[in-house]
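Spelled out, the chains give:
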Amino acid sequence: MPHPRGRLGRAGLHALLLLMAILGSTAPLTSHAQEFKHDLPQIQNIEFSGNSSFDAKKLRAQMLLEFPGWLHPLRARPRYLRNVFPKELRRVEAFYRREGFGGVVVRLDSVVTIRPGSVRLHIGVHEGPRTLLRDVRYTPQQVFSLQELQRATPIAAGDPYPFSVAQRGRLTRALRVAFLSRGHIAAAVQDSTILASDSTEAVLVFKLDPGPQFRIRALTIAGNLETDAALIRGEMEVAAGQVYSYAKLKESQEALYDTQLFRRVTIREENIDIEEQTVDVAVRVTERKLAFVEGSVGIGRRDQYEARVAGRWGHRNLNGRGHSIELAASLAYNLELGGNNFFLENRLQYTNPHFLGTSARLVPQIAYTIDNRLDAELERVRGDVPFFLRSGGYTVSLGPFASLTSTTLEEATDDARSTLAIQATISRNSSDNFFDPRRGDVRSFSATRAGFGFDNNFTRFTAAYARYLSMGPAVLALSVRSGWVEAYGDSRNDPNIGVQGVPFEFLFQAGGNTTVRGFDNNSLGPQVTVTRLGIGEDGEPIAVVDTVEVSAGTVLLLGNAELRFPLPWLGRLNLGAAVFLDAGNVWTDIQEMLDSRFGVGFDEPYTGHTDVRYSYGIGLRYRTPFGPIRIDWGFPLKKFAQSRVHMGLGHPF
């Protein structure tokens, strides 16, 4: 028979183990990281100590771990993997080194089990001294000035010393590319460092050996089966006998792609002769199919994005000189407006890429269009002869256009009013994505002068600027647009469908899908007048001015702000959302705009069409490669007004 003390001993051991289990479920259990030999559960939080220069939020942002946040509240917490987590520590160390902390040490001190399946990590940081640059020096050479070298290497006294080998490598590569662009193919660049005894200061020295300057001995072209070699040479920024330039070769490659004649363009150096200081440049191209018949279904944009079907026929390279001809037909349909709203165009276009041997692109074209809207129908024949130039990221167009347009509003019609005008436009798009930008800006300015003995005489200006700011997964988009048009001469009193002598097709409209989304499309501003011929009391013909239910004006001012962000839980399904604030209107003239109320005015209703209109709202986005499909719900900032729902293709700006 077992001894009673033995039974009590086993019972006591079981009780002790049960008590330890209970205590373990209610109190944290701390252990050093080295004691964990298996993967731990989800990471509840990461705490730092010893980080006096940067807060914990900044350091956590250097890791690839994704925690729940206001955009992703239901995102699963990351798991602690013992063999993988040291890589996250190395990322934090790399951040410190980029900030000048060469002796930093980041270690995992302990892991705390908060509850079963959840842990808290304690990370210790030993920052050490921060090293700042006292000076950046360059050994003497005769190619670049000190200011040019400093522009090539964006680092200066007072900046953190770049402890990262990759950082210093980027600086030396930038200097080498600068020498390559001046023809110094054999240039050598090395960096060295003079470090203070207390490691708080350093001098970064670049040893520069430009070597000889090389010239291009021969420029060879291959792969051009149907394209004249003279066309390719004309697109090149370099030629035989000139100084070699890496930067100009890159520009030449981009220019050849811009011709749309080639599927592939490669440019490389061959036969480098050190003694003669010469190099050959070889250009190899692969041509696209030059004659084409194409059809497409997609998204197009005039003032709004629309569903579009189009067909094209033409030739990209007439006579091998890059001249092209194209006959195109397209039909665009506004899905939001529905009904009988469409834009039909038939267009014949010819392109001369180097008019009179210059870099100007001449693109004469003639088009027949029918523009059916909710409030108007325009039928137009128009011919354009624009010249296009590109320089410094800007595109400039200049040229005349002539049009013959009939306009119908309700039951009033202007038959075949003629316009001859000169139009100039300058634009620049530095955004990172044409359809879905996250950073950069888009700007444009256009001026038109019409007259020259034709029916319509007016001066018209438009300007637009949009800025895109990346804010983590979100994007803040800001936009300002403006326009002004004024008739002059006989057009001031010439009867037509318009405002103050300006024909309807050249007026501005606002409200709706892409402007002020708390209102109906094209509903803001003064109503258009129609002048008809009537009979007076004396039986003589007189002009009778009627007002129709169509709004437009000669002055436009719009401002928009929109925050775009992926939807929590649904971002992987390409679903996003937006919140926005819109403001703007159109006016009869500038004086009416200056006299209008720009304040919101919550306490009193609008008294007329002249007040600046405001709206706010929310939107849903479905992302596609060609921009989002969106639904916006806009609310006017007035108690009596009703909200509006708009559907669109692509961003509103």
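Residues numbered from 1 in each chain as written. Predicted model: local features only at pLDDT ≥ 70, side-chain atom pairs only at ≥ 80, totals over all residues. Heavy atoms only, no water.

## A short note on the overall build of the chain
Next, step 1: Within the chain, the secondary structure is distributed over eight helices and 32 strands.
Next, step 2: Evaluated residue by residue, the chain yields a buried proportion of 41% over its 653 residues.
Next, step 3: Considering only residue pairs separated by 6 or more positions, the chain has 57% of its internal contacts joining residues 24 or more positions apart.
Next, step 4: Just so you have it, the chain exposes about 34,500 Å², and 56% of that area is on carbon and sulfur atoms. (Helix = DSSP H or I, 4+ residues; strand = E, 2+ residues; numbered from the N terminus. Buried < 20%, exposed > 50% of the residue type's maximum accessible area, 1.4 Å probe, protein only. Contact = heavy atoms within 4.5 Å. Areas by Shrake-Rupley, 256 points an atom, 1.4 Å probe, with all protein chains shown as cover.)

## As for helix α3 (residues 85–98)
Next, step 1: Compared with an ideal rise of 1.5 Å per residue, which puts 14 residues at 20 Å, α3 spans 21 Å between its outermost C-alpha atoms and is within 8% of the ideal.
Next, step 2: Those residues of α3 that are buried lie in contact with β2 (42–49), α2 (56–60), β3 (105–115) and β4 (118–126).
Next, step 3: Downstream of α3 by a residue or two, G100 has a phi angle that is positive, lying close to 95 degrees. (Expected span 1.5 Å × (residues − 1).)

## What about the sheet that holds strand β5 (residues 132–138)?
Whether parallel or antiparallel, the strands of a sheet pair through hydrogen bonds between backbone atoms.
Next, step 1: Read from one edge of the open sheet, three strands run β5-β7-β6, paired in mixed fashion. Lying at the two open borders of the sheet, with one neighbouring strand each, are β5 and β6 (188–195). The sheet shows a mean angle of 20 degrees between the axes of neighbouring strands, taken without regard to direction.
Next, step 2: Relative to strand β7 (residues 201–209), β6 runs antiparallel, the two sharing eight bridges. Note that in β7 the partner of I194 across the bridge is V203. (Pairing = 2+ DSSP bridges. Axes fitted to C-alpha atoms, helices over the stretch in contact; angles between N-to-C directions.)

## What about the pattern of salt bridges?
Next, step 1: For the structure shown, the criterion picks out 34 salt bridges.
Next, step 2: With a shortest N-O distance of 2.4 Å, R312 and E294 are connected by a salt bridge. Of the two residues, R312 sits in strand β12 (residues 305–318) while E294 sits in strand β11 (residues 291–301), which places them 18 residues apart along the sequence.
Next, step 3: On the basis of relative accessibility, which here comes to 31%, the residue E294 falls in the partly exposed class.
Next, step 4: A salt bridge links R621 to E562; its shortest N-O distance comes to 3.2 Å. Here E562 lies in strand β28 (residues 555–566) and R621 lies in strand β30 (residues 613–622), a separation of 59 residues in the sequence.
Next, step 5: A relative accessible area of 0% means that E562 is categorised as buried. (Salt bridge = Lys/Arg side-chain N within 4 Å of Asp/Glu carboxyl O.)

## Re the packing of aromatic side chains
Next, step 1: Per the counting criterion, the structure on display carries 17 aromatic pairs.
Next, step 2: Taking 4.5 Å as the distance between ring centres and 40 degrees as the angle between the ring planes, the aromatic pair formed by F458 and F506 counts as tilted. Placement of F458 in strand β22 (residues 458–471) and of F506 in the loop between β25 (502–503) and β26 (527–535) is noted, with a sequence separation of 48 residues between them.
Next, step 3: F458 sits in the buried class, given a relative accessible area of 0%. (Phe/Tyr/Trp six-rings, centres within 6.5 Å; stacked < 30°, edge-to-face > 60°.)

## A few points about unusual backbone geometry
Next, step 1: Positioned with a positive phi, S199 is a non-glycine residue whose angle comes to about 60 degrees.
Next, step 2: For S199, the position within the fold is in the loop between β6 and β7.
Next, step 3: The exposure class of S199 is partly exposed, given its relative accessible area of 23%.
Next, step 4: In this structure, Q260 is a non-glycine residue whose phi angle is positive, near 65 degrees.
Next, step 5: Summarising the element assignment, Q260 is placed in the loop between α7 (246–258) and β9 (262–273).

## Looking at the confidence of the model for the chain
Next, step 1: For the chain, per-residue confidence averages 86 on the pLDDT scale, and residues scoring 70 or more make up 87% of the total.
Next, step 2: Below pLDDT 50 for its whole length, residues 1–38 participates in 23 contacts with residues either more than four positions away or in separate chains. (pLDDT = per-residue confidence, 0-100.)

## Some thoughts on the nonpolar core
Next, step 1: Residues L409, I497, F504, L507 and V528 are the most contacted members of the largest nonpolar core, which totals 29 residues.
Next, step 2: Mapped by element, the contributors of at least two residues to this core are β19 (394–409), β20 (412–429), β23 (474–487), β26, β27 (541–551) and β28. (Core = buried A, V, L, I, M, F, W, Y, C linked by side-chain atoms within 4.5 Å.)

## Remarks on the sheet that holds strand β8 (residues 215–222)
Next, step 1: Taking strand neighbours across the sheet as the criterion, the three strands line up as β8-β10-β9 in an open arrangement whose pairing is mixed. Pairing within the sheet leaves two strands with one partner each, and these edge strands are β8 and β9. Across this sheet, the average inter-strand angle for adjacent strands is 20 degrees, counted without regard to direction.
Next, step 2: Of the pairings in the sheet, the one linking β9 to strand β10 (residues 278–287) comprises nine bridges and is antiparallel in character. If you follow D273 over to β10, its bridge partner there is T278.
Next, step 3: Of the strands in this sheet, β9 and β10 touch α7, which is tilted by about 155 degrees from β9.

## Examining the pairing of strand β29 (residues 575–587)
Next, step 1: Counting buried positions along β29 gives 10 out of 13 residues, so the element sits mostly inside the fold.
Next, step 2: Of the strand pairs in this sheet, β28 and β29 are connected by 12 bridges, and their pairing is antiparallel. For L557, the partnering residue across the bridge sits in β29 and is N585.
Next, step 3: Here β29 runs beside β30; their pairing, made up of 10 bridges, is antiparallel. Note that in β30 the partner of D582 across the bridge is S615.

## Description of helix α5 (residues 165–180)
Next, step 1: In this model, α5 (16 residues) spans 22 Å end to end at C-alpha, consistent with the 22 Å of a helix rising 1.5 Å per residue.
Next, step 2: Within α5, burial applies to Q167, R168, G169, L171, T172, L175, A178, F179 and L180.
Next, step 3: Buried-residue contacts for α5 involve α3, β5, α4 (146–152), β6, β7 and α7.
Next, step 4: Between a side-chain oxygen at the N-terminus of α5 and the backbone nitrogen of A166 the separation is 3.2 Å; the capping residue is S164. (Polar contact = N/O pair within 3.5 Å; in protein donor to acceptor, adjacent residues only side chain to side chain.)

## Side note on the environment of Y246
Next, step 1: Tracing the backbone shows Y246 in helix α7.
Next, step 2: Taking the C-alpha atoms as reference, Y246 lies 8.5 Å from A178; in sequence the two are 68 residues apart.
Next, step 3: Apart from the residues lying within four places of it in its own chain, the contact partners of Y246 are V177, L180 and S181.

## Describing the side chain of T278
Next, step 1: Residue position: T278 is located in strand β10.
Next, step 2: Side-chain polar atoms of T278 contact the side chain of R217, separated by 3.4 Å.
Next, step 3: Those residues in contact with T278 that lie beyond four places of it in its chain are F214, R215, R217, N271, I272 and D273.

## A few points about a nonpolar patch on the surface
Next, step 1: Together, Y333, L335, V579, I618, L620, I631, W633, V645 and M647 give the surface a local cluster of nonpolar side chains, amounting to about 770 Å² of exposed area.
Next, step 2: Relative to the assigned elements, M647 resides in strand β32 (residues 644–649).
Next, step 3: Note on M647: relative accessible area 32%, which makes it partly exposed. (Patch = residues over 30% accessible without salt bridge, like charges linked within 9 Å, V, L, I, M, F, W, Y side chains within 5 Å.)

## A look at the environment of G158
Next, step 1: Here G158 lies in the loop between α4 and α5.
Next, step 2: In this structure, the C-alpha to C-alpha distance between G158 and R134, residues 24 residues apart in sequence, is 6.2 Å.
Next, step 3: Non-local contacts of G158, meaning those with residues more than four positions away in its chain, are made with L132 and L133.

## Considering the environment of N457
Next, step 1: Tracing the backbone through its elements, the reader meets N457 in the loop between β21 (440–450) and β22.
Next, step 2: On the accessibility criterion, N457 (12% relative accessible area) is buried.
Next, step 3: Once the C-alpha coordinates of N457 and S491 are considered, the two residues, 34 residues apart in sequence, prove to be 5.6 Å apart.
Next, step 4: Those residues in contact with N457 that sit more than four places away from it in its chain are A450, G451, F452, E486, A487, Y488, D490 and S491.

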